[in-house]
Amino acid sequence: MKNLFFVLLLMTAFSFNSDAQNLDYWLYNSSTTATWNFAMDDAGPTPPVYELGMTPSSLTTGTLSPLFTLPLEWKAADDNGCYVTGVIPSAPANGSALTTCGTTVYYKIQQAGPFLYQMKFDFP
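Residues numbered from 1 in each chain as written. Predicted model: local features only at pLDDT ≥ 70, side-chain atom pairs only at ≥ 80, totals over all residues. Heavy atoms only, no water.

A. Seen up close, the sheet that holds strand β2 (residues 36–42). Strand order across the open sheet formed by four strands is β3-β2-β5-β6, with antiparallel pairing between neighbours. Because the sheet does not close on itself, it has two edges, and the strands there are β3 (49–54) and β6 (83–88). Taking the axes of each pair of neighbouring strands and ignoring which way they run, one obtains an average angle of 10° across the sheet. Where β2 meets strand β5 (residues 72–78), seven bridges bridge the pair, whose relative direction is antiparallel. Across the sheet, Asn37 pairs through a bridge with Ala77, a residue of β5. (Pairing = 2+ DSSP bridges. Helix = DSSP H or I, 4+ residues; strand = E, 2+ residues; numbered from the N terminus. Axes fitted to C-alpha atoms, helices over the stretch in contact; angles between N-to-C directions.)

B. Just the packing of aromatic side chains, in detail. One pass over the full model with this rule turns up nine aromatic pairs. When the ring of Phe68 is compared with that of Tyr117, the centres are 5.4 Å apart and the planes differ by 65°; the resulting orientation is edge-to-face. Taken together, the residues span a long stretch of sequence, with Phe68 in the loop between β4 (58–64) and β5 and Tyr117 in strand β9 (residues 116–123) at a distance of 49 residues. For the pair formed by Phe68 and Tyr117, the shared burial category is buried. Grouped by ring-pair contacts, the aromatic residues Trp36, Phe38, Trp74, Tyr107, Phe121 and Phe123 constitute a single cluster. Directly above the ring of Trp26 sits Lys120, whose terminal nitrogen or CZ lies 5.5 Å from the centroid. (Phe/Tyr/Trp six-rings, centres within 6.5 Å; stacked < 30°, edge-to-face > 60°. Buried < 20%, exposed > 50% of the residue type's maximum accessible area, 1.4 Å probe, protein only. Lys NZ or Arg CZ within 6 Å of the ring centre and 35° of its normal.)

C. Geometry of unusual backbone geometry. In this structure, the amide linkage connecting Leu70 to the following residue, Pro71, adopts the cis form with an omega of 10°. Its location among the elements puts Pro71 in the loop between β4 and β5. Its identity as a non-glycine residue notwithstanding, Ser57 has a phi of 55°, on the positive side. Mapped onto the elements, Ser57 comes out in the loop between β3 and β4.

Okay, structure coming up:
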């Protein structure tokens, strides 16, 4: 029983330090008129993710895996010429970034469990 407990404890410790992570994301375009394009790239070998043509009042979801690692660089632009860029260095993080047109993009990223991060963006 002691050996089983030790193995379980060791596996839990490794899971919190592993680079093999997934990122589930939710991108909400709360604008009623603008269409947004979004790109993100993490520090790992995973290729960049592009979510293009997010229509007004829409929700786009996806998963970046299997080797997601922070920091995460992101960029967004709408069809009116407004754009914004940012870097999320670690989790948990809540923040906002001002677009070139003066509107605000809000984001939140957190670790939801071993091997899993969750990220939410809200575009104006």
